[in-house]
Amino acid sequence: MSCIFCKIAAGEIPSATLYEDEDVRVILDLGPASRGHALVLPKRHFADVTAMPQRLLGKAMKVAGRIGAAQKKAFGYEGFNLIQNNGEAAGQTVFHFHLHVIPRRSGDAAVGLWRPGTVTPEEMAETAGLIRQEL
Ligand code: 5GP
Ligand code: ZN
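Predicted model, so just to flag it, every value in this text is computed and none were measured.

Asker: How would you summarise the coordination of the zinc ion (ligand 2) if you had to cite specific residues and measurements?
Answerer: Protein-derived ligands of the zinc ion (ligand 2) are C3 (SG), C6 (SG), H45 (ND1) and H96 (ND1), with the metal-ligand distances lying across 2.0 to 2.3 Å. Coordination at the zinc ion (ligand 2) comes from four donor atoms whose angles at the metal span 106 to 117°, giving a geometry best classed as tetrahedral. Here the donor residues for the zinc ion (ligand 2) map to a single chain with the spacing C-x2-C-x38-H-x50-H. With C3 in the segment before helix 1 (4-10) and H96 in the loop between strand 4 (79-83) and strand 5 (99-104), the pair connects residues that are 93 residues apart, well separated along the chain. Pair check on accessibility: C3 and H96 agree, each one buried.

Here it is as structure tokens:
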């Protein structure tokens, strides 16, 4: 396997580790959006959220919440974003599932996600129907 996050999660490549257990390793991101920006990595390889087992998803979210709370205490942050990219078009660059934990302060520009658009009630009903039928 040539997956960089598999190697980091396994401890074969050293990383600034915040937390580790039998399922996950949490590391600092190399290109942080803000000080303390962390990544929750499962130790087993899954390309993205669609491949992740439910138990590990629950675990990753629970651990991310603890990390966010610790970032707030450590540096006086006021909040944090949990961000998880799936697919190149969505900004995924490493194809081993990871959950970003990005600490935030009011007014910072650390993360810019989307500009709200507009939609009619009719469009919303049609859109919801088209997605529902693929579930
Ligand atoms: P993505 O864009 O796939 O959601 O996020 C990949 C993240 O992994 C980026 O924020 C990038 O800075 C980080 N990253 C990529 N390679 C490494 C690495 O070797 N070590 C660490 N600690 N972070 C990495
Ligand atoms: Zn991997």
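After that view, the rundown keeps rolling.
Asker: Explain the packing of aromatic side chains to me, and be specific about the residues and the numbers.
Answerer: Summed over all chains, the structure comprises one aromatic pair. When the ring centre of Y77 is taken as reference, the NZ or CZ atom of R105 above it lies at 4.2 Å.

Asker: Got a sec to walk through the site of ligand 1? Specific residues and values, please.
Answerer: The local shell around ligand 1 holds 16 residues, among which D29, G91, T93, H98 and H100 are the closest. In this structure, L28 approaches ligand 1 through a main-chain N or O atom, which is 2.9 Å from a nitrogen atom. For ligand 1, an oxygen atom lies 3.5 Å from a polar atom in the backbone of G31. Calculation on ligand 1 without its partners gives an accessible area of 520 Å², and the protein chains cover 79% of this total. Broken down by secondary-structure element, the contributors of at least two residues to the shell around ligand 1 are helix 1 and strand 2 (24-28). Per-element accounting of the shell around ligand 1 gives the leading share, three residues, to helix 1. Its residues assigned to classes, the shell around ligand 1 comprises eight nonpolar, seven polar and one charged.

Asker: Tell me about the environment of Y77, residues and numbers included.
Answerer: Tracing the backbone shows Y77 in the loop between helix 2 (54-75) and strand 4. Residue class for Y77 comes out buried when judged on its relative accessible area of 9%. Put simply, Y77 and A109 are 32 residues apart on the chain and 14 Å apart in space, counted from C-alpha to C-alpha. A distance of 2.7 Å separates a polar side-chain atom of Y77 from the backbone oxygen of R35.

Asker: Can you lay out helix 2 for me, pointing to particular residues and giving the numbers?
Answerer: Along its 22 residues, helix 2 runs 32 Å from first to last C-alpha, staying within 8% of the 32 Å computed at 1.5 Å per residue. Within the sequence span of helix 2, burial applies to L56, K59, A60, V63, A64, I67, G68 and Q71. The inward-facing, buried residues of helix 2 abut strand 1 (17-20), strand 2, strand 3 (38-42), strand 4 and strand 5. The first or second residue beyond helix 2 is G76, which carries a positive phi of 70°.

Asker: With reference to specific residues and values, describe the pairing of strand 2.
Answerer: Among the five residues of strand 2, four are classified as buried, and the element is accordingly described as predominantly covered. In textbook terms, the turn of a hairpin is the stretch between consecutive antiparallel strands, and for strand 1 and strand 2 this stretch comprises three residues. Here strand 2 runs beside strand 3; their pairing, made up of five bridges, is antiparallel. Looking at strand 3, one finds that V24 is bridged to P42.

Asker: Please set out the sheet that holds strand 3 residue by residue, giving values where relevant.
Answerer: If you walk across this open sheet you meet the five strands as 1-2-3-5-4, and the pairing is antiparallel. A single partner strand is all that each edge strand has here, and the edge strands are strand 1 and strand 4. Strand-to-strand twist of the sheet, defined as the mean angle between neighbouring strand axes without regard to direction, takes the value 20°. The strands that helix 2 touches are strand 1, strand 2, strand 3, strand 4 and strand 5; relative to strand 4, the one it contacts most, it runs at about 150°.

About the criteria used
- Residues numbered from 1 in each chain as written.
- Chains lettered and ligands numbered in written order.
- Predicted model: local features only at pLDDT ≥ 70, side-chain atom pairs only at ≥ 80, totals over all residues.
- Heavy atoms only, no water.
- Donors = N, O, S within 2.8 Å, 3.2 Å for Na, K, Ca; no water.
- Tetrahedral: all angles 85-135°; square planar, octahedral: opposite > 155°, others 65-115°.
- Helix = DSSP H or I, 4+ residues; strand = E, 2+ residues; numbered from the N terminus.
- Buried < 20%, exposed > 50% of the residue type's maximum accessible area, 1.4 Å probe, protein only.
- Phe/Tyr/Trp six-rings, centres within 6.5 Å; stacked < 30°, edge-to-face > 60°.
- Lys NZ or Arg CZ within 6 Å of the ring centre and 35° of its normal.
- Near = heavy atom within 4 Å.
- Polar contact = N/O pair within 3.5 Å; in protein donor to acceptor, adjacent residues only side chain to side chain.
- Areas by Shrake-Rupley, 256 points an atom, 1.4 Å probe, with all protein chains shown as cover.
- Nonpolar A, V, L, I, M, F, W, Y, C, P; charged D, E, K, R; others polar.
- Expected span 1.5 Å × (residues − 1).
- Contact = heavy atoms within 4.5 Å.
- Pairing = 2+ DSSP bridges.
- Axes fitted to C-alpha atoms, helices over the stretch in contact; angles between N-to-C directions.

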